[in-house]
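Observations on the model geometry
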Amino acid sequence: MLHSHSSSYSHTHSESHISSSNNSQASLQINVTTATELKNVQTVGKQDPFLQFSLNFEDKKSFIKTFTQKNAGDNATWNQSFTVPLNGEPDLFIEVLDAEATVDEVIGFCAIPINQIVHADGGYLNGFFELFDTKGERAGLVNLQLAAQGFPNSRNPDFNGEPVQCQSYLHEGHCARMKSNKKKATGVSVGGALLGGAFAIGAGFLGKKLYDDKQADEEEEARLREEEEVKRQEEETKRQQERDQFDQERAEFQRQKSSHEQEQEQQPEEQAEGGECERKEERHHEKREKEHHRRRRDSNSSNSSNEDSDAKKWNPVGTYAAGDRVKYHGQVYMCLQGHTSNPTWQPGAAHSLWQAE
């Protein structure tokens with residue numbers, strides 16, 4: 001189980017700041033707390049570890065160092081804070097070395113993807129990162145508190161929680177740099193041993209040995225530089241392709257967004273036009289209905305007038321047969337059964353004799 005060896009930070013901690021000319025530029029806050037279970041590279045006594053980091057391992061001058069903790073052995077505590085500007089770099093390169101009077105000895109190193117910091121909740125994390133040696137084997141753990149500032153999800157970091165295991169990996173180019181440093185340290189150690197023996201076997205042999213080693217180191221460095229330049233160009237080409245693809249996707253998104261907004265604006269107009277057409281159709285339909293009813297009324301009125309003209313005025317003492325039609329008080333009645341009328345048998349009262357039409 002992993003345990004945190006860090007404590008909360010205060011303004012008394014040592015802090016290094018690389019300023020940026022652009023105040024709104026993204027930056028990375030790095031709190032270097034502890035290293036544990038470090039590989040022992042010291043043959044006599046305890047090792048004196050320090051940590052250095054950079055966003056570009058190819059630039060030796062870009063590395064920033066903590067102080068060296070004397071006689072720390074396999075566990076070291078620094079509690080130092082730094083801030084560096086971010087300009088699209090993909091990784092943070094960490095190196096832990098044993099300070100020596102001649103050439104510092106490599107203890108462990110790793111590369112940390114910055115994306116995992118930027119995409120973390122709040123843009124920060126408190127994590128343990130695994131270190132590796134030049135053979136790719138585990139060389140210890142380093143506890144770093146990292147915060148990416150200037151991003152949409154960035155918040156003030158809170159590092160009071162327990163550290164969690166985070167991602168680190170072995171970068172091929174970075175590993176080549178560490179192998180080169182290790183060869184230099186080994187060469188110096190061998191050179192010291194040979195120097196002691198040179199007094200016994202002759203300074204000429206020692207001089208040739210050192211010259212040959214130096215020549216081999218320079219050739220190895222030249223080869224590594226050439227390989228790194230090829231890799232750098234390949235990575236730059238890849239990054240450019242990714243940027244171009246991103247720009248194309250963003251342009252397509254803007255086009256689709258604009259098209260969608262135009263469609264949204266046209267819909268109310270089309271709906272208004274459609275509603276007006278429907279209202280016109282309804283008014284036209286009502287007009288036709290009214291015209292139809294009017295014609296029916298005129299037709300009925302005409303028929304009624306013709307029929308009424310056939311009906312005679314009711315005679316109080318007249319004789320009527322079934323089917324005869326009479327008009328009484330403006331109403332037309334039809335005789336139901338034959339009879340001789342009586343003044344009291346009016347068509348409106350004698351329902352057994354007359355039926356209104």
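Please refer to the structure placed before this passage.
Quick summary incoming for the structure in this document.

Cut-offs and rules
Residues numbered from 1 in each chain as written. Predicted model: local features only at pLDDT ≥ 70, side-chain atom pairs only at ≥ 80, totals over all residues. Heavy atoms only, no water. Helix = DSSP H or I, 4+ residues; strand = E, 2+ residues; numbered from the N terminus. Buried < 20%, exposed > 50% of the residue type's maximum accessible area, 1.4 Å probe, protein only. Areas by Shrake-Rupley, 256 points an atom, 1.4 Å probe, with all protein chains shown as cover. Phe/Tyr/Trp six-rings, centres within 6.5 Å; stacked < 30°, edge-to-face > 60°. Polar contact = N/O pair within 3.5 Å; in protein donor to acceptor, adjacent residues only side chain to side chain. Contact = heavy atoms within 4.5 Å. Patch = residues over 30% accessible without salt bridge, like charges linked within 9 Å, V, L, I, M, F, W, Y side chains within 5 Å. Salt bridge = Lys/Arg side-chain N within 4 Å of Asp/Glu carboxyl O. Lys, Arg positive; Asp, Glu negative; His and termini not counted. Charge placed at Lys NZ, Arg CZ, Asp CG, Glu CD. Core = buried A, V, L, I, M, F, W, Y, C linked by side-chain atoms within 4.5 Å. Pairing = 2+ DSSP bridges.

1. Quick look at the overall build of the protein chain
A tally of helices and strands in the protein chain yields 3 helices and 16 strands. Per-residue burial for the protein chain yields a buried fraction of 33% across its 357 residues. Of the roughly 22,500 Å² that the protein chain leaves accessible, carbon and sulfur atoms contribute 49%.

2. Regarding the packing of aromatic side chains
A full pass over the atoms with the stated rule returns 5 aromatic pairs. Ring geometry for Phe57 versus Phe93: centroids 4.9 Å apart, planes at 75°, classification edge-to-face. With Phe57 in the loop between β3 (49-54) and β4 (64-65) and Phe93 in strand β6 (residues 91-98), this residue pair connects regions lying 36 residues apart in the sequence. A residue is classified by how much of its surface remains accessible, and Phe57, at 8% relative accessible area, is buried. Note on Tyr320 and Trp354: the rings are 5.2 Å apart at their centroids and 75° apart in plane angle, and the pair reads as edge-to-face.

3. Here's the deal with the side chain of Asp133
Within the secondary structure, Asp133 sits in the loop between β8 (124-132) and β9 (138-149). Reaching out from Asp133, the side chain makes a polar contact with the backbone nitrogen of Lys135 at a distance of 3.0 Å. With residues near it in sequence (within four places) discarded, Asp133 still touches Lys39, Ile107, Phe109, Ala139 and Leu170.

4. Let's talk about a negative patch on the surface
A cluster of like negative charges, contributed by Glu58, Asp59, Glu234 and Glu235, occupies part of the molecular surface. Turning to its location among the elements, Glu58 is positioned in the loop between β3 and β4.

5. Quick look at unusual backbone geometry
Where the residue is not glycine, phi is negative for most of them; where a peptide bond is considered, it is trans in most cases. Phi angles above zero are rare outside glycine, and Glu37 is one such case at about 55°. Mapped onto the elements of the fold, Glu37 is located in the loop between β2 (27-36) and β3. With a relative accessible area of 46%, Glu37 lands in the partly exposed category. The backbone phi angle of Asn71 is positive, close to 55°, even though this residue is not glycine.

6. Focus on the nonpolar core
Ranked by internal contacts, the top residues of the largest apolar core, which has 36 residues, are Phe53, Leu92, Ile94 and Leu146. When residues of this core are traced back to their parent elements, those giving at least two are β2, β3, β5 (76-85), β6, β7 (105-113), α1 (115-118), β8 and β9. Among the elements that line this core, the one with the most residues is β9, at 5 residues. When neighbours within four sequence positions are excluded, Ile94 is seen to be in contact with Leu51, Gln52, Phe53, Gly108, Phe109, Cys110, Ile112, Leu131, Leu144 and His174. In terms of nonpolar packing, the next biggest core, distinct from the first, is built from 9 residues, Trp314, Val326, Tyr333 and Cys335 among them.

7. Notes on the pairing of β5
Most of β5 sits inside the fold, with 9 of its 10 residues counted as buried. Bridge count for β2 against β5 is 8 bridges, and the pairing is antiparallel. Bridging from a neighbouring strand, Thr34 pairs with Thr77 of β5.

8. Examining the pairing of β2
Two faces belong to every sheet, and in a regular strand the side chains alternate between them. Burial runs high along β2: 9 of the 10 residues are buried. Pairing between β2 and β9: 9 bridges, direction antiparallel. Within β9, the position partnered with Thr36 by the bridge is Leu141.

9. Focus on the sheet that holds strand β11 (residues 312-313)
Picture the strands of a sheet paired through backbone hydrogen bonds; they go either parallel or antiparallel. Pairing is mixed in the open sheet, where 4 strands are placed in the order β11-β13-β14-β16. This sheet does not close on itself; its edge strands, each paired only once, are β11 and β16 (354-356).

10. Thoughts on the pattern of salt bridges
Opposite charge on two side chains makes pairing possible when the charged atoms of those side chains draw close. Counted under the stated rule, the structure contains 17 salt bridges. One salt bridge in this structure joins Arg155 and Asp121, with 3.4 Å as the shortest N-O distance. Taken as a pair, Arg155 in the loop between β9 and β10 (164-165) and Asp121 in the loop between α1 and β8 lie far apart in primary sequence, 34 residues in all. A relative accessible area of 42% places Arg155 in the partly exposed class. Across the pair Arg250 and Asp247 runs a salt bridge, and its minimum N-O distance is 3.3 Å. With a gap of 3 residues between them, Arg250 and Asp247 both fall in helix α3 (residues 203-310), about one helical turn apart. One salt-bridge network, in which partners are shared between bridges, spans Glu37, Glu130 and Arg138.

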